[in-house]
Structure formats: structure tokens, C-alpha cells
Amino acid sequence: MIKLPDANIQSAPNDTSRSSAATAQSRPRAADLARWIEEEIVAAGWRVGEALGSETSLMERFDVGRSVIREACRILESRHVAKPRRGPGGGLVVTAPERSVVLDHASLYLEYAGFTASDLFETMMTLETAAVEQLAATIDSAGIDRLRQVLDEEAESDDLRAQAVTVHTEIARLTGNPVLELFMHIGNNLARTHGVRPSESERRWIHQRNVELVEATIAGDVLAAQRSVRRRIRAMTRRQAVSADRAPASVNIE
């Protein structure tokens, strides 16, 4: 049995106060319990689908009441860490976090913080130049095929903002660095939300830069790949194609 620290809340003299105090006490204990379970899930290797125990068994294991267990389960489910499952083999079950939820939360925070186009472009340039340097030295035939497939999909797209997966997010994924991949997706998510639809000539120009980027990366030419990244992003910065106030200037990037 695992004993959680007692909450520092005194009992109240009447039924209403006792009920309020119990609710107030259960919340910090539930938050502590949820964090404890999260740490166990991470330490065990985040085995999606693993049953952590029934409500009753968790109550016994952690020596807490039903209200604490249920509140902890609600916290875990809201964080996309675990959720209750009914039926045989059910109970609290480990789930996989959804990247889309993380992207939405990160984007909302940056909206609140008041990001600017220059903030976004400077960060994207730093991340992407690092990504192509790494990938140019490690890309294999499967990675080459995948990048060319994404290029083909891009060439068929009427609106580049509609692409949840781009050459740039795919380059980050192929590096095998999940931190780099996540932050590239956050940048792409912001660009999709606030981007201005490019004209047909601008779309062709961007696609050609992406073709140059992919071919340089495949050839192992880091300098050429990074030069292509900087050229594209600097042009987008001049155009202010992404703006937190949704008022970008109209400047030809060719």
C-alpha cells in the first residue's frame, strides 16, 4: 500500500462544512495521486493499453477514498495519460497522448503571449537549419522516398496551409528527435492558423524552394539545404505571411 501525504485541512463542525472540507481535501490529494500515477507510467515505459487496476484496487493500493480516485482519474484523462475502461480487463488504462491536443494548447498559449511573425520565423529557421544538418548525414532510402512523396502531395495542393504534414515537419520527424519534431509541428500549426493563402506564383516559388531543400538534403549538401531554408523563411518574413494580428502585408516573395 502506498500512503499519500495527508492534506493539511481541519474538520468542520457541521455537515455542509464537512462536505466542503472533504471536497477541498480530495482535490490536492487527487492531484498528488494523478502525478504519482503519471510518474509510474513514464518509468514503466508508457505501455499504452496497460490496465493499472480497478477503482477498488486503486483505492486499496493508495489508501484513499472513492472520490479521490475518481478525481485523479478525471485529471489523468484530461491530460490524455490514462482513462477508465469498463468491462473485463478494464479499470484505469494507459492511453497515448494526442499530439493535436498538445499543439492546440501550445498554440493557444502563444496566442495569449502575443507571438509575432518574426518570433515564429526566427525560431523555425533555427530549428529547421539544425534539422537538415542532422538529416543530411543520416537519411536513408525510406526517408528519401518519404520526402519525395510529401513533395508530390505539396505539388497537388491548392492551399499550402491545408497541409498538416509538410516537407519541414517530415524532415524534423526523420531526424528521430521527438523534441525537434514537436516544435516544428507547433510552428507549422501557427502558420496554418494565421497564414495567408499564397498566390499561384508564390505557391510555385515556395514549392521550388522545397524541392531544392529536399534534393540538397538527399545529396548531403548541408550548406545548400540550409541556404534554401534561410532563403524561404527570409522571403516569408518580408511578406509577413504569418501574423498574430491576422494583418499581413502583401509583398511579392519572388
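Here is what the cut-offs are and how they apply
Residues numbered from 1 in each chain as written. Predicted model: local features only at pLDDT ≥ 70, side-chain atom pairs only at ≥ 80, totals over all residues. Heavy atoms only, no water. Phe/Tyr/Trp six-rings, centres within 6.5 Å; stacked < 30°, edge-to-face > 60°. Helix = DSSP H or I, 4+ residues; strand = E, 2+ residues; numbered from the N terminus. Buried < 20%, exposed > 50% of the residue type's maximum accessible area, 1.4 Å probe, protein only. Core = buried A, V, L, I, M, F, W, Y, C linked by side-chain atoms within 4.5 Å. Contact = heavy atoms within 4.5 Å.

Details of the packing of aromatic side chains
When we look at a pair of aromatic rings, we describe it by the centre distance and by the angle of the planes.
Phase 1 of the analysis: A full pass over the atoms with the stated rule returns 1 aromatic pair.
Phase 2 of the analysis: Summarising the aromatic geometry, the rings of Tyr109 and Tyr112 are spaced 6.2 Å apart at their centres and angled 50° between planes, so their arrangement reads as tilted. With Tyr109 and Tyr112 both in helix 4 (residues 99-113), this residue pair falls 3 residues apart, about one helical turn. For the pair Tyr109 and Tyr112, a shared accessibility class is recorded, and that class is exposed.

Focus: the nonpolar core
Phase 1 of the analysis: Core analysis: the largest hydrophobic core is formed by 31 residues, its most contacted members being Val167, Ile171 and Leu213.
Phase 2 of the analysis: For this core, the elements supplying multiple residues, two or more each, are helix 5 (117-136), helix 6 (141-156), helix 7 (167-174), helix 8 (178-194), helix 9 (200-219) and helix 10 (222-239).
Phase 3 of the analysis: Looking at this core, the element that brings in the most residues is helix 5, giving 9 residues.
Phase 4 of the analysis: Those residues in contact with Val167 that lie beyond four places of it in its chain are Leu147, Val150, Leu151, Glu154, Asn210, Leu213 and Val214.
Phase 5 of the analysis: Of all hydrophobic cores here, the second largest spans 19 residues; its members include Ile37, Phe62, Cys73 and Leu76.

Scope: geometric values only; no functional claims are made or implied.
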